[in-house]
Amino acid sequence: MLPPYFEFQNSVKLLCGELSLERLANELQQQGAKAPMLLTDAVLYKLGTVDAVLSSMETEGCRPACIFTDIPVDSSLRVVNSIAALYRRNQCDSLVAVGGGSVIDTAKGVRLVLSQNTDDILSISGVENLSRGTHIPFIVVPTTAGTGSECTGVAVIRNDETGVKMEFLSPFVQPDAAVIDPRMTTGLPPKATASTGMDALCHAVEACTCLQANPLSQAYGMAAIRMIADNIVQATRKGSDKQARFAMALASTMAGIAFSNSMVGAVHAIGHALGGVCHVPHAVAMTILLPHVMRYNLSHAAASYAGLLPALVGDEAALNTPADKRAEAAIEAIARLGRELHDACGLPLTLEAAGVPKESLAQVAAVAVNDGALIVNPRAADEQQVISILNAAF
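Attention in this report is confined to the structure presented alongside it. Just so we're clear, the structure is a prediction, and the values are computed from it rather than from any experiment.

**Topic: the environment of His135**
Relative to the elements of secondary structure, His135 occurs in the loop between helix H5 (101-115) and strand E5 (138-142). Spatially, the C-alpha atom of His135 lies 6.1 Å from that of Ser115, the residues being 20 residues apart in sequence. With near-sequence residues (within four places) excluded, His135 lies in contact with Gln31, Arg111 and Asp176. A polar side-chain atom of His135 sits 3.1 Å from a polar atom in the side chain of Asp176.

Structure, rendered in structure tokens:
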């Protein structure tokens with residue numbers, strides 16, 4: 001059944017495939033940018049991943065006015081504010097973010113601070129409460145295939161004082177362009193490849209099955225699920241396979257577009273809380289939680305989950321599965337994929353393996369039930385029900 005009303009927005013220009021990185025400087029020039037600030041993290045800078053980006057920019061005469069390389073894995077409001085101040089001191093006129101979700105979300109936060117002419121991102125917190133403000137040209141170069149942050153209208157940034165991961169929702173955090181180049185993910189280690197790929201799968205599954213799902217988000221999400229199911233194990237086992245890498249990067253982007261337009265659910269609500277309270281990496285939390293939350297939701301989402309089966313196992317296998325068993329089969333296909341990745345690279349599949357203390361589960365649940373992502377989950381959940389999900393995942 002079609003929803004009576006929905007909205008769909010994606011304004012990001014996508015540069016996809018081989019040599020797309022070489023188009024970066026031209027995109028900046030088209031935006032009128034002459035003094036970009038490049039943002040990344042210390043690991044990518046040390047590994048030389050950023051060198052390819054700098055080379056492509058400088059070849060076209062586009063040298064960064066400032067390079068910031070100290071974005072932490074779990075970025076924060078304080079980091080965003082300090083980078084914005086550095087941008088102003090160096091008289092930069094645009095942003096280039098090279099990295100995974102933390103780098104890109106930090107850059108989104110910086111763009112908000114600059115475009116809204118403030119010094120503190122906390123002063124503009126809220127949900128779709130901002131006007132466009134000053135246009136700050138902004139291009140991202142993802143180095144993981146999981147977050148989809150290059151196309152989402154949300155930035156997730158930790159509050160230093162409370163430890164809570166805050167969501168800043170606005171269409172104006174979306175970049176002007178994103179460079180989807182398989183060369184940028186070929187050096188990603190197997191475990192990171194697997195976990196970020198499962199993060200993308202989670203985005204797609206929740207986008208297709210939560211209460212705000214719509215035909216367009218489902219089209220992107222289903223395509224992403226099929227592409228991930230077909231390529232994630234190969235990309236994990238053979239990181240040099242550029243076709244598998246490219247497929248995973250595209251799937252991540254499509255899943256990002258999907259969930260940005262239909263939101264995510266309990267997997268993310270609980271995952272955000274695990275990250276804030278126990279510092280579990282987001283992608284690892286998604287991997288662990290996804291099948292358990294789907295089992296919890298099954299009584300309210302069986303038809304939606306059954307519809308995922310062809311993308312997960314192929315059309316013929318789905319048709320050969322009895323109709324009343326397809327929802328459970330979809331959940332089992334995702335759990336089986338997790339086990340395959342665990343065997344391939346040691347990806348954690350339980351909260352215990354991820355180092356979560358049992359005594360912290362009540363605190364995680366208390367934080368999770370106040371997360372906005374829970375609002376559109378197919379089934380409501382209180383603290384005790386979240387604790388039951390966490391215990392099942394332990």
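**Quick look at unusual backbone geometry**
With the exception of glycine, the majority of residues adopt a negative phi angle, and the majority of peptide bonds are in the trans configuration. Residues other than glycine seldom take positive phi values, yet Asn117 does so here, at roughly 55°. Following the sequence through the fold, Asn117 ends up in the loop between H5 and E5. For Asn117, a relative accessible area of 67% gives the class exposed. Phi angles above zero are rare outside glycine, and His279 is one such case at about 60°. Along the chain, the position of His279 falls in the loop between helix H9 (266-278) and helix H10 (282-313). The exposure class of His279 is exposed, given its relative accessible area of 57%.

**Focus: the pattern of salt bridges**
All told, the structure shown has 10 salt bridges when counted by the stated rule. Of the charged contacts, one joins Asp160 and Arg78 as a salt bridge, the two residues approaching to 3.1 Å between their closest N and O atoms. In this pair, Asp160 is assigned in the loop between strand E6 (154-158) and strand E7 (165-169) and Arg78 in helix H4 (residues 77-89), connecting sequence segments 82 residues apart. Where Arg339 meets Glu332, a salt bridge forms, and the shortest distance between an N and an O atom there is 2.5 Å. By relative accessible area, which is 38% here, Arg339 ends up partly exposed. One network of salt bridges, in which partners are shared, links Glu22, Asp181 and Arg183.

**Observations regarding the packing of aromatic side chains**
Throughout the structure, instances matching the rule amount to one aromatic pair. Both rings, one in Phe8 and one in Tyr220, keep their centres 5.6 Å apart while their planes meet at 25°; by these two values the pair is stacked. Residue Phe8 is located in the segment before strand E1 (13-16), and its partner Tyr220 is located in helix H7 (residues 215-237); the two are separated by 212 residues in the primary sequence. Over the ring of Phe394 we find Lys358; its NZ or CZ atom is 4.5 Å from the centre of that ring.

**With respect to the sheet that holds strand E8 (residues 177-180)**
Read across the sheet, six strands follow the order E1-E8-E5-E4-E2-E3 without closing on themselves; strand pairing throughout is parallel. The sheet terminates laterally at E1 and strand E3 (66-68), the two strands that pair on one side only. Across this sheet, the average inter-strand angle for adjacent strands is 15°, counted without regard to direction. With four bridges joining them, strand E2 (residues 36-39) and strand E4 (residues 94-99) adopt parallel strand pairing. Its bridge partner being in E4, Leu39 is matched across the sheet by Ala97. Helix-sheet contacts for H4 involve E2, E3 and E4, and the interaxial angle to E2 is about 150°. With respect to the sheet, H5 is in contact with E2, E4 and E5, its orientation differing from that of E4 by roughly 165°.

**A look at the side chain of Ser76**
Looking at the element boundaries, Ser76 is found in the loop between E3 and H4. Relative accessible area serves as the criterion here: at 3%, Ser76 is assigned to the buried category. Leaving out residues up to four positions away in the same chain, Ser76 has contacts with Ile157, Arg158 and Asp160.

**Remarks on the side chain of Arg111**
Checked against the element boundaries, Arg111 lands in helix H5. From its side chain, Arg111 meets the backbone oxygen of Phe172 in a polar contact 3.3 Å long. Residues within four places of Arg111 in sequence aside, it is in contact with Leu95, His135, Ile136, Phe138, Phe172, Val173, Gln174, Pro175 and Asp176.

**Focus on the packing of helix H6 (residues 190-209) against helix H8 (residues 242-262)**
For the pair H6 and H8, interaxial distance at closest approach is 8 Å and the crossing angle is 35°. Viewed along their axes, H6 and H8 form a crossing whose handedness is left-handed. Along its contact with H6, which presents Thr193, Gly197, Ala200, His203, Ala204 and Ala207, the element H8 presents Arg245, Met248, Ser252, Ala255, Ala258, Phe259 and Ser262. Residue composition of the contact of H6 with H8, grouped by class: seven nonpolar, five polar and one charged.

**Some thoughts on the pairing of E4**
By the criterion of burial, E4 is predominantly enclosed, with six of the six residues buried. Burial of the side chains of E4 extends over both faces: Ser94, Val96 and Val98 are buried on one face and Leu95, Ala97 and Gly99 on the other. Examined bridge by bridge, E4 and E5 share five bridges and lie parallel to one another. Counted as the bridge partner of Ala97 is Val140 from E5.

**Brief notes about the packing of helix H13 (residues 361-368) against helix H14 (residues 383-393)**
Helix-helix packing: each pair is described by the crossing angle between the helix axes and the interaxial distance. Closest axis-to-axis distance for the H13/H14 pair is 9 Å, and the angle between their directions is 125°. Regarding the angle of H13 to H14, the classification is oblique. Remark: the crossing between H13 and H14 carries right-handed chirality. Where H13 approaches H14, its residues Leu361, Ala362, Val364, Ala365, Ala366 and Ala368 are matched on the opposing element by Glu383, Val386, Ile387, Leu390 and Asn391. By residue class, the composition of the contact of H13 with H14 is nine nonpolar, one polar and one charged.

What counts, and where the lines are drawn
- Residues numbered from 1 in each chain as written.
- Predicted model: local features only at pLDDT ≥ 70, side-chain atom pairs only at ≥ 80, totals over all residues.
- Heavy atoms only, no water.
- Helix = DSSP H or I, 4+ residues; strand = E, 2+ residues; numbered from the N terminus.
- Contact = heavy atoms within 4.5 Å.
- Polar contact = N/O pair within 3.5 Å; in protein donor to acceptor, adjacent residues only side chain to side chain.
- Buried < 20%, exposed > 50% of the residue type's maximum accessible area, 1.4 Å probe, protein only.
- Salt bridge = Lys/Arg side-chain N within 4 Å of Asp/Glu carboxyl O.
- Phe/Tyr/Trp six-rings, centres within 6.5 Å; stacked < 30°, edge-to-face > 60°.
- Lys NZ or Arg CZ within 6 Å of the ring centre and 35° of its normal.
- Pairing = 2+ DSSP bridges.
- Axes fitted to C-alpha atoms, helices over the stretch in contact; angles between N-to-C directions.
- Left-handed = near helix turned anticlockwise from the far one by under 90°.
- Nonpolar A, V, L, I, M, F, W, Y, C, P; charged D, E, K, R; others polar.
- Parallel < 35°, antiparallel > 145°, perpendicular 65-115°, else oblique.

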